[in-house]
Amino acid sequence: MQFYSLNKQSPKVSFKEATISGQAPDKGLYFPEIIPQVRKELIEKIENFSNEEIAFEVIRPYMDNTIAEADLFNIVKETINFPVPLVNVTENIFSLELFHGPTLAFKDIGARFMSRCLGYYVKGSNKKVTVLVATSGDTGGAVANGFYNINGVDVVILYPSGKVSSVQEKQLTTLGNNVHALEVHGTFDDCQQMVKQAFGDDELNKKLFLTSANSINVARWLPQQFYYFFAYKQWKEKNNPPVISVPSGNFGNICAGLLANASGLPVKHFIAACNANDVVTRYLQTEKYQPGKTIPTISNAMDVGDPGNFVRVLELFKQQFSILAAKVSSYSISDDETKATIKKVFADKNYLTDPHGAVAYLALENYLQTHPGEKGIFLETAHPVKFYNIIESVINDEIEIPVSVQSLLRKKKVSTPIEAKFGALKEILEQQ
Ligand SMILES: *Cc1c(COP(=O)(O)O)cnc(C)c1O
């Protein structure tokens, strides 16, 4: 199978080329030319399949044998070597816990898969690849961890000094080896700007083979389908498929769910749960897409004013608004509502949500109120401990810090402080 650019001005490429280059030369996102259909048996007898088997079947059609089958199976197995439990929170609301991976957020799955594919593709070539990425928090940790010790790949992460949580900072500054953390005296937007300039700098790109690990990469996007299948495997009422609520920022996660659904996975309805960054919520009400400035919130991984993956959602629905609107609803949840939800779900159900999961929980609850008889799943995309400052102030109590996080917090941070100037980044990259 090949991938075409959504800007339609670049040649089609294989999964391998799309993974290595990230974006098409015309700056478009890559999209699969066919939506593969999963076997009927995989759905009807899904309990009989292991998670590895499911994931392997889902991803294989996209790969076009660019990775030998046995190696692909191993990559899949390593990607999902942690549980993804579906937990009953209320009578009709379930939590799909996507935070049991090494950096406690769902981005582990995409990052682990992509890093292993890239490692496979560069193996044997004498070319060293430098993965350059800017992070506002979760991406950096997942990418650092995913690419740690992958041969032939160097990782350079830019993060805004003092603007990521302590857990997030330690996750990207304590690994060392092929992972380099640059602590930028500036904002996330500065970091992103510097990375953008690096990709556009001819001199630098002659010397280094730079690539990005951001969420528009197909090797991060496509494996996110896996856990929608794992959720269905654990869903009891197979004759009443779930409504799935996805806390959305750049819309990669929900787009993977919609793709899984288009490939044959039963899902009754999707909810794009947004914070104050409500461009898609407004689009579904008005059919007008008006990107806004990014608004900072307590669910900060969803603070995106112009979601990059939304063009893929539109492509999946062939630009037909009415079909999209029949399958996807959207709610915009305020910070106050998010806090009240964390508090209420903890008090009533003894279940702790993180701010992102809480947004999805409330959006789902709102939807179910007007759709009696339906039941749903919200994606719990991060462990609450990643945001313990917020959570503790909301529930007025201390939360238990897992042993793995305690030892992480004790580790020594190693970062290189740099000015928010492209010249400073260039100098460091040239020494790589
Ligand atoms: C990145 C992230 C999101 C948003 O996912 P998108 O694929 O960008 O829509 C939601 N929750 C958490 C915890 C995240 O890290």
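Before any of the text, the structure's been laid out above.
First things first, this report covers the structure right here in the doc. Fair warning: this is a prediction, and the values are worked out from it, not measured in the lab.

## Here we look at unusual backbone geometry
The phi torsion at N149 lies on the positive side, around 65°, for a residue other than glycine. In this structure, N149 sits in the loop between α6 (138-147) and β6 (153-160). N149 gets classed as partly exposed once you look at its relative accessible area, which sits at 44%. You will see that K318, though not glycine, has its phi angle at about 50°, which is positive. In this structure, K318 sits in the loop between α14 (310-316) and α15 (321-327).

## Section: the pattern of salt bridges
Under the defined criterion, the tally for this structure stands at 16 salt bridges. When the shortest N-O distance is used, the salt bridge between K12 and E33 registers 3.0 Å. Of the two residues, K12 sits in the loop between β1 (3-5) and α1 (15-21) while E33 sits in the loop between β2 (30-32) and α2 (40-44), which places them 21 residues apart along the sequence. Residue classification places K12 among the partly exposed residues on the basis of a relative accessible area of 45%. One network of salt bridges, in which partners are shared, links R39, E41 and E57.

## Description of the site of the ligand
Residues in contact with the ligand amount to 15 residues; listed here are only the nearest, K107, D138, G249, N250 and T381. Take G249: an N or O atom from its main chain is 2.8 Å from an oxygen atom of the ligand. In the environment of the ligand, an oxygen atom lies 2.9 Å from a nitrogen or oxygen atom belonging to the backbone of N253. Summarising the interface, the protein chains cover 97% of the accessible area of the ligand, which totals 380 Å² for the free molecule.

## Section: the nonpolar core
Counting 99 residues, the largest nonpolar core has F15, Y227 and Y228 as the members making the most contacts within it. Apart from residues lying up to four places away in sequence, Y227 is in contact with V84, L96, L98, F106, I109, N253 and L379.

## Examining the side chain of T281
Structurally, T281 is set in helix α13 (residues 279-286). Those residues within four positions of T281 in sequence are excluded, and the remaining contacts are C274, S330, Y331 and S332.

## Concerning the sheet that holds strand β5 (residues 129-134)
Hydrogen bonds between backbone groups are what pair the strands of a sheet, and the pairing can be parallel or antiparallel. Pairing is parallel across the open sheet formed by 5 strands, whose spatial order is β8-β5-β6-β7-β13. Since the sheet does not close on itself, it has two edges, and those belong to β8 (209-212) and β13 (416-419), each with one partner. On average, each strand axis in the sheet is inclined to that of its neighbour by 30°, with strand direction left out of account. Strand direction decides the pairing type here: β5 and β8, joined by 4 bridges, are parallel. Residue pairing for β8: V131 is matched across the bridge by T211. Of the strands in this sheet, β5, β6, β7 (179-185) and β13 touch helix α20 (residues 422-430), which is tilted by about 140° from β13.

Here is what the cut-offs are and how they apply
Residues numbered from 1 in each chain as written. Predicted model: local features only at pLDDT ≥ 70, side-chain atom pairs only at ≥ 80, totals over all residues. Heavy atoms only, no water. Helix = DSSP H or I, 4+ residues; strand = E, 2+ residues; numbered from the N terminus. Buried < 20%, exposed > 50% of the residue type's maximum accessible area, 1.4 Å probe, protein only. Salt bridge = Lys/Arg side-chain N within 4 Å of Asp/Glu carboxyl O. Near = heavy atom within 4 Å. Polar contact = N/O pair within 3.5 Å; in protein donor to acceptor, adjacent residues only side chain to side chain. Areas by Shrake-Rupley, 256 points an atom, 1.4 Å probe, with all protein chains shown as cover. Core = buried A, V, L, I, M, F, W, Y, C linked by side-chain atoms within 4.5 Å. Contact = heavy atoms within 4.5 Å. Pairing = 2+ DSSP bridges. Axes fitted to C-alpha atoms, helices over the stretch in contact; angles between N-to-C directions.

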